[in-house]
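A look at the structure
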Amino acid sequence: MKKTKLIARILLALMLVSCFVCAASSCSRPPELSEIRGEIETLIAESQNINSILFGKGLDTDDRLESPFENYKCVAFDTGFFSVDDIKEAAEKVYTKEYLEPIYEVTFTGKYDSVAGSIIRARYMDSEGYLLKHIPVADVAVDEEKEDPNNILGDETRTYDFSTIVITKPSRADYVTFEIMSSKKGKSEKLTLAIALTPDGWRLDYPTY
């Protein structure tokens, strides 16, 4: 009788462990592609504008507005961006805060480049009610759009073939890694990107430029 009870307890314990493992596995299983395809397509599309603001041409400026700082111009009102917080709010609707944090440091604070031995000035800053954009000295007399070192993207736009999305490892319920075919400057390549589930919804955790 004792032996029978012992066996029963062991079997019960194994069943509980099995249920726990199955539940845990289910909780960590990534969503089906059909469930997140729309999110991926929307985030990548919206990231193009954010990439341009942070790494590309940047926001348009208005020469009619007088900037309080040399080598900075006032961002045009019709861009819809009136402060650094406006840019951050837009960026955080597309990318995770973890991805953006180091970018914020350079973009809004500036830093010292120990390799080049020079100061990288903040690209955007708030002052006297205006959102200002840094215009490098060398660009003032030439062509700021072509010579601006902040414009690392140039005029080329990366395109994506959404029909090629494949979920890969590592992926889980709240973090999905995927591969997708992309083209830039006439060159086609397979990229690995990822989206993370935040309290505000899915956000890109990899750059898309």
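Here is a short report on the structure shown in this document. (Residues numbered from 1 in each chain as written. Predicted model: local features only at pLDDT ≥ 70, side-chain atom pairs only at ≥ 80, totals over all residues. Heavy atoms only, no water.)

Re the sheet that holds strand E4 (residues 124–127)
The line we're drawing: Only strands joined by at least two bridges in the DSSP assignment are considered to pair. Secondary structure elements are taken from DSSP: a helix is a run of H or I of four residues or more, a strand is a run of E of two residues or more, and numbering for both begins at the N terminus. Between the N-to-C directions of two axes lies an angle of 0 to 180 degrees, each axis being a line fitted to C-alpha atoms and, for a helix, fitted only over the stretch in contact.
Pairing is antiparallel across the open sheet formed by 3 strands, whose spatial order is E1-E5-E4. A strand with exactly one partner marks an edge of an open sheet, and here the two such strands are strand E1 (72–74) and E4. On average, each strand axis in the sheet is tilted by 35° relative to the strand beside it, whichever way the strands run. Summarising the sheet, E4 and strand E5 (residues 130–134) pair through 4 bridges and their orientation is antiparallel. Residue pairing for E5: Ser 127 is matched across the bridge by Tyr 130.

Digging into the packing of aromatic side chains
Formally: Between 30 and 60 degrees the pair is tilted, below 30 it is stacked and above 60 it is edge-to-face, where a pair is any two Phe, Tyr or Trp rings, Trp via its six-membered ring, whose centres lie within 6.5 Å. Sitting over a ring, as applied to charges here, requires NZ of Lys or CZ of Arg to be within 6 Å of the ring centre and within 35 degrees of the ring normal.
All told, the structure shown has 6 aromatic pairs when counted by the stated rule. Ring plane angle 45° and centroid distance 6.5 Å describe the contact between Phe 108 and Tyr 124, whose orientation is recorded as tilted. Of the two residues, Phe 108 sits in helix H4 (residues 97–109) while Tyr 124 sits in strand E4, which places them 16 residues apart along the sequence. An aromatic cluster of three or more residues is present, and its members are Phe 77, Phe 82 and Tyr 130. Here the guanidinium or amino end of Lys 88 rests over the ring plane of Tyr 104, the centre of that ring lying 5.0 Å away.

Quick notes on the sheet that holds strand E8 (residues 187–198)
Our working rule: We call two residues in contact whenever any of their non-hydrogen atoms come within 4.5 Å of each other.
As summarised here, the arrangement of the 4 strands in space is E6-E7-E8-E9, forming an open sheet in which the pairing is antiparallel. In this open sheet, the two strands that pair with only one neighbour each are strand E6 (159–172) and strand E9 (201–204). Geometrically, the sheet is characterised by an average inter-axis angle of 30° between neighbouring strands, direction not taken into account. Where E8 and E9 come together, 4 bridges link them in antiparallel fashion. Along E9, the bridge assignment pairs Ile 195 with Leu 204. Where helix H2 (residues 33–55) meets the sheet, its contacts fall on E6, strand E7 (175–184), E8 and E9, and the angle it forms with E6 comes to roughly 120°.

Focus on the nonpolar core
Keep this limit in mind: Nonpolar core, defined: a set of buried Ala, Val, Leu, Ile, Met, Phe, Trp, Tyr and Cys residues in which side-chain atoms within 4.5 Å join the residues together. Burial classes follow relative accessibility: with a 1.4 Å probe on protein chains only, a residue under 20% of its type's maximum area counts as buried, one over 50% as exposed, and anything between as partly exposed.
One finds Ile 40, Leu 59, Ile 87, Tyr 124, Leu 131 and Ile 195 to be the most contacted residues of the largest nonpolar core, which totals 36 residues. Contributing elements (two or more residues each) for this core: H2, helix H3 (84–91), H4, E6, E7, E8 and E9. Counting residues per element, this core draws most heavily on H2, which supplies 9 residues. In this structure, Leu 65, Tyr 72, Cys 74 and Leu 132 belong to the second largest nonpolar core, which totals 5 residues.

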